[in-house]
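Structure at a glance
These are the residues of each chain, in order.
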Amino acid sequence: MGRARGHGTREEGPGRARLPLRRSLLGRLLAVSALVAACSVAATAWIAVQTTSGAIKQEQGQNLTADARIYDTLLEYAARNPTWDGVGATVRELARESGRRVALTTQSRQPLADSATAATAPALPPQASAVVDPLSVDTVLAARGTDGQRTAADRIDPRAVGPFRLSTADSTALRRTADAEVACLNRAGIASDVVIGASGRPRVQIVGNDPERALGTRCDLAALDTPTRSEQKALDALTALADACLKRQGREGVRLNNDLSWGDPAAVEVPGEAGPLSPRPVPGPAPRDAPVTEAEPSAVPRERTGENDRAIASCVGTARSEQLSSYVASPALLFIGDEGGATLPGFDLSPANTAKIAGAAALVLTLTVGASVFAGTRLVRPLHALTGAAQRMRDGEQPASVPVSGDDEVGRLAAAFNDMSAHRARLEEQRKAMVSDVAHELRTPLSNIRGWLEAAQDGLADPDPAFVSSLLEEAVQLQHIIDDLQDLAAADAGVLRLHPEPVGVRELLSQVAAAHQARAENAGVTLTVAVAATDPEPALHADPVRLRQAVGNLVSNAVRHTPEGGRVTLSAYASDASEGGGEGDDEGKACDGTVVIEVQDTGSGIPAEDLPHVFDRFWRAEKSRSRRTGGSGLGLAIVRKLVEAHGGAVEATSTEGEGSTFALRLPAGTEPSGP
């Protein structure tokens, strides 16, 4: 049976053909996008042709030296500050000195500082002039900004010292030591000066080309080489990061010297220093020729190779970047151009070209806005209707259908929404009815029990065997309802446990008939099993307890609705999977087809309009819900769940005034699908 749809919906079967592209919403959006893109490309190409020659000429006048100086100044700021806060004054000063527009943004193009003086700053160009990153320096611009003194391989700015920066007290103490050493060298006739590095560490610089002269004096230059506590802590952290990198490559650890070299101490540059230091002792383990065990991860490698040194250098560089990342400003995009917003010095367009550009831009804008408004309006209107209907459903109003305007994706969405709305309304009605039915079914036995107990308490009833029997009957009825609800809940949750085994259908039907024989005789109904002993017995693999429960529910229901003198017949036969019913005489069908178990009665029958609802929960043809004419309304719902758990189906046929037939169709000789 098909489901009823809301007003304005269309039936859509599972095999419905796909919409052609020209009718689909996607096709229309693609067409509009292609039109806008074609106009934009054409206009952009025309503008590029008109302005390229002039831009090339203007590009030749760009002042690369000034750009490099701007870059170097901002690079120094980034190396000395953890954030870009306060860089605005530096940017404005650089713009004033160079006469150019200088702008800084984050890598996501969020503005940091801009020297533009106009009320509305011109848009920045799509391509940045450079990336200001003290941990990855542009060696070309940096070399220009430092008069070519920087090496191309050094990508970390020497002014980025991070945790190696000395405190004021340490720097002052070392400065006093340096001044004393300079005075000592001057007394020895060696000219020298004190030079302060980026980290605040002073060093002694010998004037002239022969710094080895200082080794023959009594001046203790090594006093300046001992690292401070903060420097040693930073060096240890850097060594640990480098060792972790080397360990991931399967290499031995490395011991870094104070100047970030490894192996024997050497006079090399220190981070943040502009010149070499004299050799310094390496704190820690034994000399280089001492034996080194594998248990010391930071020991100097036994064999120095070029490949090993390259790996160490790479890891040290990576470790430095990781250590300094929290001490320097994040990478920023640098834009250098004129006050009009261009990255190159400004140039004037002729009035004719200006008019052409303005006309082309206006045309593209008009086409884009018109196409977008047209397509967007047609797309949004039905979506607004769907949104309003969904919000009304959320607010508890009566579900209402929305109009279906076409057979495209939006139309099908509206049809699906109408279907969902109608289904939700049916579920809500079923939920309300189920709550009411559960309350009624539980209230009746509880009210009876309470009434009998209150009568006994008031002395109106004696607790004789009949009294106890009445209470027991109501308690059993209440327990029966609760058990039925529990079975349904387990089936809905998919946790209904089955214990399948080979089942003799003839024996099972005989057991069910014997269990209900007394009740049938009391009602004056003849209960028989119509499976001859000579017929081949259908092969069935099922849970015998659950199957007896399902067939027993059908028999109980049939006896209840069959008048005195009527007949209830139980039968079973094997049916081919392609057949809808009927008895089969071929013994092979018992193994390959379906086993059909039928319960047929000669009762009052079920009206045609009620037949689709007989397996609904709490549904009863007699609306008064009297116990004399019906049970709890859960028996047939449980039958359907039990049969479905076995991988089968249940169906009912009836002729009003003649009787009804309920058929269980179970797969023959197979495992049930329940858990």
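Residues numbered from 1 in each chain as written. Predicted model: local features only at pLDDT ≥ 70, side-chain atom pairs only at ≥ 80, totals over all residues. Heavy atoms only, no water.

1. Digging into the overall build of the protein chain
A tally of regular secondary structure across the protein chain gives 14 helices and 13 strands. When each of the 675 residues of the protein chain is scored for burial, the buried share is 38%. Long-range pairs, those at least 24 residues apart, make up 69% of the contacts in the protein chain with a sequence separation of at least 6. A total of about 37500 Å² of accessible surface is found on the protein chain, and carbon and sulfur atoms cover 55% of it. (Helix = DSSP H or I, 4+ residues; strand = E, 2+ residues; numbered from the N terminus. Buried < 20%, exposed > 50% of the residue type's maximum accessible area, 1.4 Å probe, protein only. Contact = heavy atoms within 4.5 Å. Areas by Shrake-Rupley, 256 points an atom, 1.4 Å probe, with all protein chains shown as cover.)

2. Regarding the sheet that holds strand β3 (residues 130-132)
Strand order in the open sheet made by the four strands is β2-β1-β6-β3, with antiparallel pairing throughout. Of all strands in the sheet, those bounded by a partner on one side alone are β2 (111-114) and β3. Going across the sheet, the axis of each strand differs from the next one's by a mean of 25°, ignoring polarity. Inspection of the sheet shows β3 paired to strand β6 (residues 332-337) by three bridges, in the antiparallel sense. Across the sheet, the residue bridging to Ala130 is Leu334, located in β6. (Pairing = 2+ DSSP bridges. Axes fitted to C-alpha atoms, helices over the stretch in contact; angles between N-to-C directions.)

3. Digging into the sheet that holds strand β8 (residues 526-529)
With mixed pairing, the five strands of this open sheet are ordered in space as β8-β10-β11-β13-β12. Of all the strands in the sheet, the pair left with one neighbour each is β8 and β12 (649-655). Averaged over all adjacent pairs, the angle separating strand axes in this sheet is 15°, with direction ignored. The pairing of strand β10 (residues 567-575) with strand β11 (residues 594-601) spans eight bridges and is antiparallel. Within the sheet, the bridge partner assigned to Ala574 lies in β11 and is Val595.

4. What about the packing of helix α12 (residues 544-560) against helix α14 (residues 635-645)?
The geometry of α12 relative to α14 is characterised by a closest axis approach of 9 Å and an angle of 150° between their N-to-C directions. For the element pair α12 and α14, the recorded crossing hand is left-handed. Listed contacts from α14 to Arg546, Gln549, Ala550, Asn553, Leu554 and Asn557 of α12 are Gly635, Leu636, Ile638, Val639 and Leu642. The residue makeup of the contact of α12 with α14, split by class, is six nonpolar, four polar and one charged. (Left-handed = near helix turned anticlockwise from the far one by under 90°. Nonpolar A, V, L, I, M, F, W, Y, C, P; charged D, E, K, R; others polar.)

5. Looking at helix α7 (residues 306-324)
Compared with an ideal rise of 1.5 Å per residue, which puts 19 residues at 27 Å, α7 spans 27 Å between its outermost C-alpha atoms and is within 8% of the ideal. Among all positions in α7, only Asn308, Ala311, Ile312, Cys315, Val316, Ala319, Arg320, Gln323 and Leu324 are buried. (Expected span 1.5 Å × (residues − 1).)

6. Details of the environment of Ile597
Residue position: Ile597 is located in strand β11. Among the residues examined, Ile597 registers a relative accessible area of 1% and is labelled buried. Among all residues touching Ile597, those that are not within four sequence positions of it are Val505, Leu509, Leu547, Val551, Ser571, Ala572, Phe662, Ala663, Leu664 and Leu666.

7. Considerations on unusual backbone geometry
For Arg109, which is not a glycine, the phi torsion comes out positive at approximately 70°. Within the secondary structure, Arg109 is located in the loop between β1 (101-106) and β2. You can call Arg109 partly exposed: its relative accessible area is 37%.

8. Some thoughts on the nonpolar core
Among the nonpolar cores identified, the biggest contains 44 residues, and Leu509, Val551, Leu570, Ile597 and Leu664 are the most heavily contacted of them. Elements represented by at least two residues in this core include exactly α11 (505-523), β9 (539-542), α12, β10, β11, α14, β12 and β13 (659-667). By residue number, the principal contributor to this core is α12, which donates seven residues. What Leu570 contacts, discounting residues up to four positions off in sequence, is Leu509, Val512, Leu527, Thr528, Val529, Ala530, Val551, Val555, Glu598 and Val599. If you look at the next biggest cluster of nonpolar residues, it comprises 23 residues, including Leu74, Tyr77, Val91 and Ala113. (Core = buried A, V, L, I, M, F, W, Y, C linked by side-chain atoms within 4.5 Å.)

9. With respect to the pattern of salt bridges
Tallying each qualifying case throughout the model produces 13 salt bridges. A salt bridge links Glu93 to Arg96, with the shortest nitrogen-to-oxygen separation between them at 2.5 Å. Here Glu93 and its partner Arg96 are both found in helix α3 (residues 88-98), three residues apart, which amounts to about one turn of the helix. Of the residues examined, Glu93 reaches a relative accessible area of 34% and is grouped as partly exposed. By relative accessible area, Arg96 is classed as exposed at 59%. Between Asp179 and Arg175 there is a salt bridge; the shortest N-O distance is 3.0 Å. Placement of the pair is Asp179 and Arg175 together in helix α5 (residues 168-187), with a separation of four residues, close to one helical turn. Among the ionic contacts, a cluster of salt bridges with common partners joins Asp72, Glu76, Arg80, Asp157 and Arg159. (Salt bridge = Lys/Arg side-chain N within 4 Å of Asp/Glu carboxyl O.)

10. Remarks on the state of the cysteines
For the coordinates displayed, the defined rule picks out two disulfides. Cys184 shares a disulfide with Cys219; S-S distance 1.9 Å. Torsion about the S-S bond of the Cys184 and Cys219 cystine: about -95°, corresponding to left-handed handedness. Placement of Cys184 in helix α5 and of Cys219 in the loop between β5 (202-206) and α6 (229-248) is noted, with a sequence separation of 35 residues between them. For Cys184, a relative accessible area of 19% corresponds to the buried category. With its sulfur 2.2 Å from that of its partner, Cys245 forms a disulfide with Cys315. Between Cys245 and Cys315, the S-S dihedral sits near -65°, and the bridge is therefore left-handed. (Disulfide = S-S within 2.5 Å.)

11. Side note on the packing of α11 against α12
Think of two packed helices as two axes; the pair is described by the angle between the axes and how far apart they sit. Remark: α11 packs on α12, axes separated minimally by 10 Å, with the N-to-C direction vectors making an angle of 25°. Regarding the angle of α11 to α12, the classification is roughly parallel. Judged by the twist between their axes, the crossing of α11 over α12 is right-handed. Across from Leu508, Leu509, Gln511, Val512, His516, Arg519, Ala520 and Ala523 in α11, the residues of α12 making contact are Pro544, Leu547, Arg548, Val551, Gly552, Val555, Ser556, Val559 and Arg560. (Parallel < 35°, antiparallel > 145°, perpendicular 65-115°, else oblique.)

12. Notes on α14
Three or more residues of α14 are buried, namely Leu636, Ala637, Ile638, Val639, Leu642, Val643 and Ala645. Backbone geometry just after α14 places Gly647 at a positive phi near 80°.

13. Considering the confidence of the model for the protein chain
Parts of the model with low pLDDT should not have their predicted coordinates read in detail. Predicted confidence across the protein chain gives a mean pLDDT of 75, with 73% of residues reaching 70 or more. Of all the helices and strands in the protein chain, helix α13 (residues 589-592) carries the lowest mean pLDDT, 44, while β8 carries the highest, 92. Counting contacts from residues 1-16, a segment whose pLDDT is below 50, to residues more than four positions away or on other chains yields 27 contacts. Considering only residues more than four positions removed or in separate chains, one finds that residues 343-347, a stretch of pLDDT under 50, has 19 contacts. (pLDDT = per-residue confidence, 0-100.)

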